Amino acid sequence: MDHGVEEAGLAAAVDPPEVNLVDLVLSYRNGMPREENTNRFRWNADSPAEVTEIIKAMRLANKGEHETRDTAARILATYGYNLDLVRDSVSHRNYLVMSEQTPCQRCWGLYILRYDSSSAAVNVAVEVPHPFSDESSEEIGIEAFRQLDAKMFAMAGAHRNSNTATRPGYPNSRVSDMARSYESLFHKVHTNFTTRAPNATHVLQVHGFEARPGYPQVVLSNGSAQPHTLLRSFADQLNRAGVTAGVYDGQQYPAFGATVNPQARHTRNKGGFFYHLEAVHAVRSNPQTYRAVISALDQTLLQGSPGAVANIPYAADYDRDAAVGYALRYALNRNEAYYDWSHRELGGDCTNFLSQVMFAGGWRYDEPLVENPVSRRDSSFWYYRPDDPSTSSWTWVNANMWASFAKKSGRVEKVKYLSDVGLGDIVQMGDSVERAKWHSMIVTGFDERGPLLSYHSNNNLNRPLWEVFREYRHESTMFFAWRVVKVS
């Protein structure tokens, strides 16, 4: 079945413990079996049923509810897995971590799912199928997972040659080699937590090779002789960064075409984007260099439209053309019919402008039946008072309160990835610790650079989303994207 990540990230009743996610993964890696031919990786006839049950529990955990996490934790415990909700001390994102108890019983791997309320930039998954064998691929993988704000991380639980058994009918494919096995939990996590076109996942899989004559430092492939365009863009970015890179195209670099890689085949069959990355030891072992590799992929993804418009129906009575038309008309020149909140303590004029746009698009006022002095501070209401703007609802002018009203009233639904926003969608920025929104923008167009945003407070018309993202992308900022699904 083709399952994508569930809509997750509901606030936990208690803040999750804070950990350094990279340290957590590398510490776990250090306790995994790294020996060859020991048969510590367990596989038997019961495995398909066990894999199925573990996947069901992972999907249950990812639903975004405390009760389902508890149920999933009990199921996973019967298979020797711990389920933990943590917050990364660097990115401030929340994650579900599924790790085998030590020592591992099955050695089937470590899996992490993004579990946060913010919208990620692009639909990305990161996989490390050969820890130990491809030395330092674990470091690159988990750093990339964090830097790319990816939705899924998968790391095999043992050396690729841990088990001497081979897959039935494939004498050269050991069952412990995750880049060969269609039956493994590793592959089933891949198939269940990546999505198909048009909202397809970009899958980065990290490998290593020994330097050889005629080969660059990095070889990229999608597992076929027809590399997708973004692979070549990735290679170009790497070469500009001083890391020599080439792309397998059926002729060049045939040793690393990944043509039998099951995750590559599955991703291509879904219309997704596979990035099979082979890097020499000098790249993998140097943090400065492998971070340049991650940055090159980051730059590749944050250009144009690496996603597709999210499959979330717009409200039938939301007039996107009217909303966008209003935004285009008044982005640079304020509508004199409305008060200018640019210098007010509630956060500038951006959300006042957004509220005007929403009203032009068909949003209806939600006013109290009986007003009292604190009604305007209540996030249950949304209205503007032209005769006395100071008595308008705070939801009209404050970004965080607008978001609270929009969600509480069911007028918006989260768009998971910024790359998937459509015309008339809303993009907000917020604080990564408190999750409080402090700026509001609207998507008013598209060009070769991708989605374009218009907004007030430093008034801008059709500014590229990725330009805004790069300017404000740091540890203290999160992005949130919303689609209008109701107008009242």
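Residues numbered from 1 in each chain as written. Predicted model: local features only at pLDDT ≥ 70, side-chain atom pairs only at ≥ 80, totals over all residues. Heavy atoms only, no water.

Colleague: Could you clarify how one ought to interpret the overall build of the protein in this entry?
Modeller: In terms of regular secondary structure, the protein is built from 14 helices and 18 strands. For a compact globule of 488 residues, the expected C-alpha radius of gyration is about 23 Å, and the protein comes in at 24 Å, within 12% of that figure. The principal-axis extents of the C-alpha atoms in the protein amount to approximately 80 × 50 × 35 Å. Counting over 488 residues, the protein shows a buried share of 59%. When contacts within the protein are restricted to residue pairs at least 6 apart in sequence, long-range pairs at least 24 apart make up 71% of them. Roughly 19400 Å² of accessible area belongs to the protein as shown, and the carbon and sulfur atoms make up 48% of that amount. Each charge sign in the protein was given a centre, from 50 positive and 55 negative side chains, and these centres are 3 Å apart. (Helix = DSSP H or I, 4+ residues; strand = E, 2+ residues; numbered from the N terminus. Rg over C-alpha atoms; globule rule 2.2 N^0.38 Å. Buried < 20%, exposed > 50% of the residue type's maximum accessible area, 1.4 Å probe, protein only. Contact = heavy atoms within 4.5 Å. Areas by Shrake-Rupley, 256 points an atom, 1.4 Å probe, with all protein chains shown as cover. Lys, Arg positive; Asp, Glu negative; His and termini not counted. Charge placed at Lys NZ, Arg CZ, Asp CG, Glu CD.)

Colleague: Even after reading the chapter, I still don't get the packing of aromatic side chains, so can you show me in this structure?
Modeller: When we look at a pair of aromatic rings, we describe it by the centre distance and by the angle of the planes. Here the structure, examined in full by the defined rule, presents 27 aromatic pairs. Consider the rings of Y95 and F145, whose centres lie 5.4 Å apart with planes at 50°: the pair is tilted. Highlighted residues: Y95 in strand β3 (residues 94–100) and F145 in helix α4 (residues 137–147), separated in sequence by 50 residues. Each of the two residues, Y95 as well as F145, counts as buried. Centre to centre, the rings of W341 and Y384 are 6.2 Å apart; their planes meet at 75°, and the pair counts as edge-to-face. Taken together, the positions of W341 in the loop between α10 (320–330) and α11 (350–360) and Y384 in the loop between α11 and α12 (394–397) put the pair 43 residues apart, joining distant regions of the chain. Members of the aromatic cluster, connected to one another through ring pairs, are Y338, Y339, W341, F359, W363, Y365, W382, Y384, W396, W402 and F405. The aromatic ring of W108 is capped on one face by R106, whose charged end is 5.7 Å from the ring centroid. For K437, the ring lying beneath its charged end belongs to F480, and the centroid distance is 4.2 Å. (Phe/Tyr/Trp six-rings, centres within 6.5 Å; stacked < 30°, edge-to-face > 60°. Lys NZ or Arg CZ within 6 Å of the ring centre and 35° of its normal.)

Colleague: Before we go on, may I ask you to explain the state of the cysteines in this structure?
Modeller: By definition, a disulfide links two cysteine residues through a covalent bond between their sulfur atoms. For the structure on display, the rule yields one disulfide. Note on cysteine connectivity: C104 is disulfide-linked to C107, with sulfurs 2.1 Å apart. Residues C104 and C107 share a disulfide whose torsion about the S-S bond is about 70°; that sign makes it right-handed. The buried category is assigned to C104, whose relative accessible area is 18%. Classification of C107 by relative accessible area gives buried; the value is 0%. (Disulfide = S-S within 2.5 Å.)

Spatial relationships are all this shows, so hold off on functional conclusions.
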